[in-house]
Amino acid sequence: MAYLGNFLSAMASTVFFVFLIAALGYLVGSVTVRGISFGSAGVLLVALAFGLIASYVPYVTVGGRHIVLYLSAPAELADGTTLGATGGLFSLISSIGTSRFVTAGGRIAGPECLRRLSRKSLCYILMGVVIIAIGTAVSVAVLRLSRDPNLDASLVVGLMAGALTSTPGFSAAMEVAPDAMKVTAGYGIGYLFGVLGVVLFVQFIPKLLKVDMTRERESFVAANAIQVSFTDRPLRRLDPYSFFPFSLTVVLGFLIGAIEIPGVNFSFGASGGVLIAGLIIGPVGRIGAVGGRVPGETLKCFRERGLCLFLIGAGVPGGVNFIANVRLSYFIYGAVITLVPMIAGYFMGKYVFHMSLFNNLGSISGGMTSTPALGALIVTSGTEDVTSAYAATYPFALFCVVLAARIIVLVL
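Residues numbered from 1 in each chain as written. Predicted model: local features only at pLDDT ≥ 70, side-chain atom pairs only at ≥ 80, totals over all residues. Heavy atoms only, no water.

1. Remarks on the pattern of salt bridges
Here comes step 1: By the definition in use, this model includes one salt bridge.
Here comes step 2: Between Glu297 and Lys300 there is a salt bridge whose closest N-O contact spans 3.5 Å. Here Glu297 and its partner Lys300 are both found in helix α11 (residues 296-320), three residues apart, which amounts to about one turn of the helix.
Here comes step 3: A relative accessible area of 58% places Glu297 in the exposed class. (Salt bridge = Lys/Arg side-chain N within 4 Å of Asp/Glu carboxyl O. Helix = DSSP H or I, 4+ residues; strand = E, 2+ residues; numbered from the N terminus. Buried < 20%, exposed > 50% of the residue type's maximum accessible area, 1.4 Å probe, protein only.)

See the structure below:
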């Protein structure tokens, strides 16, 4: 019985469930059907399923021990036992994951992105602006044409933020919406297809076009190659894995994200801030006498683990709130808000800006502000360089979606 008690104590830890979801998620993501797989998004599917279960069974009692799956607020049981809330822990997990993933991606893409912005910045700016503008127009059309009395501006702006996978847009809507619960419900409904739709899109398009991925990758890497020179002078390393410069990048990113533009109540938020910091510091080889580089393998590890934590932290609460508010029509509206901007963005990138396939898909991922899609695209393309197109588009799309969310609520 002592062994059983120790086993149950381990299961009672939220950390146990985080790694259980991760393990099962990667198993699901590894399943390939006709060359298409969920990849890291399999973690999101399992996290959503865990949240759905927890919405019906928030805790279980085994052998006299209470194992909490998910509680948004403390719960007092009949025997006088008080169970602590775990919702805040998943929020923290999501924030840590986002900062790790986006910072690593920014540092990897930094040198290439700065060069790219100086040459073709207008293409990426317009891609971000147009994708969000189309998503906003579709959202307004849904609001105007739907006869559902429950579908108001609060719910629609939540659907839009979820369909475009924009947490900053969701936060901006929450600040001004008359019904915050509807914003949250819409976000959870739209987010499911918003994440999976973009992830599958960046994998499906190359398959649909029957692209020779090896030749496309070689051509893309050659066209985007850039040499970054670092000093040969011996520099001091404060830790063996260069976690110091990485942590410093995150700190700077949070400070950048906290800066608010007067008049429009806009800020890049934590994710946008760490991305900008990563892009700025990525090309820096030193910080005084201290080495500023982070090994590529370390950055890849941070990126993958960060994406996993982000999907778990966002997916579990989304699953908890999903069933209570979902309607088939809302799911369809969210899917349309996701698909129309992506398809329009693809044709604009290909025929108007004449982008290569990888640049086009990277820019679409940035325009949709989809962190998981970037992870899927890196795996699909087989090159880190796609991050630069994502990073060049993302800030402009982010700015537009935050403004659009506020406009829909305040004007409509």
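2. A look at the nonpolar core
Here comes step 1: Among the nonpolar cores identified, the biggest contains 104 residues, and Met160, Ile312 and Ile364 are the most heavily contacted of them.
Here comes step 2: At 15 residues, the largest contribution of residues to this core is made by helix α16 (residues 386-411).
Here comes step 3: Ignoring sequence-local partners within four residues, the contact set of Met160 consists of Gly135, Thr136, Ser139, Ile337, Val401, Ala404, Ala405 and Ile408. (Core = buried A, V, L, I, M, F, W, Y, C linked by side-chain atoms within 4.5 Å. Contact = heavy atoms within 4.5 Å.)

3. Side note on the packing of aromatic side chains
Here comes step 1: One pass over the structure, following the stated rule, counts eight aromatic pairs.
Here comes step 2: When the ring of Phe16 is compared with that of Phe17, the centres are 5.3 Å apart and the planes differ by 80 degrees; the resulting orientation is edge-to-face.
Here comes step 3: On the basis of relative accessible area, Phe16 is assigned to the partly exposed category, the value being 31%.
Here comes step 4: Phe17 sits in the buried class, given a relative accessible area of 6%. (Phe/Tyr/Trp six-rings, centres within 6.5 Å; stacked < 30°, edge-to-face > 60°.)

4. Section: helix α13 (residues 328-352)
Because the α-helix completes a turn every 3.6 residues, residues three or four places apart line up on one side.
Here comes step 1: Here α13 spans 35 Å end to end across 25 residues, near enough to the 36 Å set by a 1.5 Å rise per residue.
Here comes step 2: Those residues of α13 that sit buried are Tyr330, Gly334, Ala335, Ile337, Thr338, Pro341, Met342, Gly345, Tyr346, Met348 and Gly349.
Here comes step 3: Backbone geometry just after α13 places His354 at a positive phi near 55 degrees. (Expected span 1.5 Å × (residues − 1).)

5. Let's talk about the packing of α13 against helix α14 (residues 357-367)
Here comes step 1: Two elements in contact, α13 and α14, have axes whose closest approach is 9 Å; the angle formed by their N-to-C orientations is 145 degrees. α14 is crossed by α13, and the crossing has right-handed handedness. Contacts between α13 and α14 involve Met342, Gly345, Tyr346, Gly349 and Lys350 from the former and Leu357, Asn360 and Ile364 from the latter.
Here comes step 2: When the residues that make up the contact of α13 with α14 are grouped by side-chain class, the tally is four nonpolar, three polar and one charged. (Axes fitted to C-alpha atoms, helices over the stretch in contact; angles between N-to-C directions. Left-handed = near helix turned anticlockwise from the far one by under 90°. Nonpolar A, V, L, I, M, F, W, Y, C, P; charged D, E, K, R; others polar.)

6. Brief notes about the packing of helix α15 (residues 371-381) against α16
To characterise two packed helices, one gives the angle between the axes of the helices and the distance between these axes.
Here comes step 1: It is the contact of α15 with α16, at a shortest axis distance of 9 Å, that shows an interaxial angle of 155 degrees. As judged from the angle between their axes, α15 and α16 are roughly antiparallel. Helix-helix and strand crossings are classified by hand; for α15 and α16 the assignment is right-handed. Residue-level inspection shows Thr371, Leu374, Leu377, Ile378 and Ser381 of α15 in contact with α16, the latter providing Val386, Thr387 and Tyr390.
Here comes step 2: Counted by class, the contact of α15 with α16 contains five nonpolar, three polar and no charged residues. (Parallel < 35°, antiparallel > 145°, perpendicular 65-115°, else oblique.)

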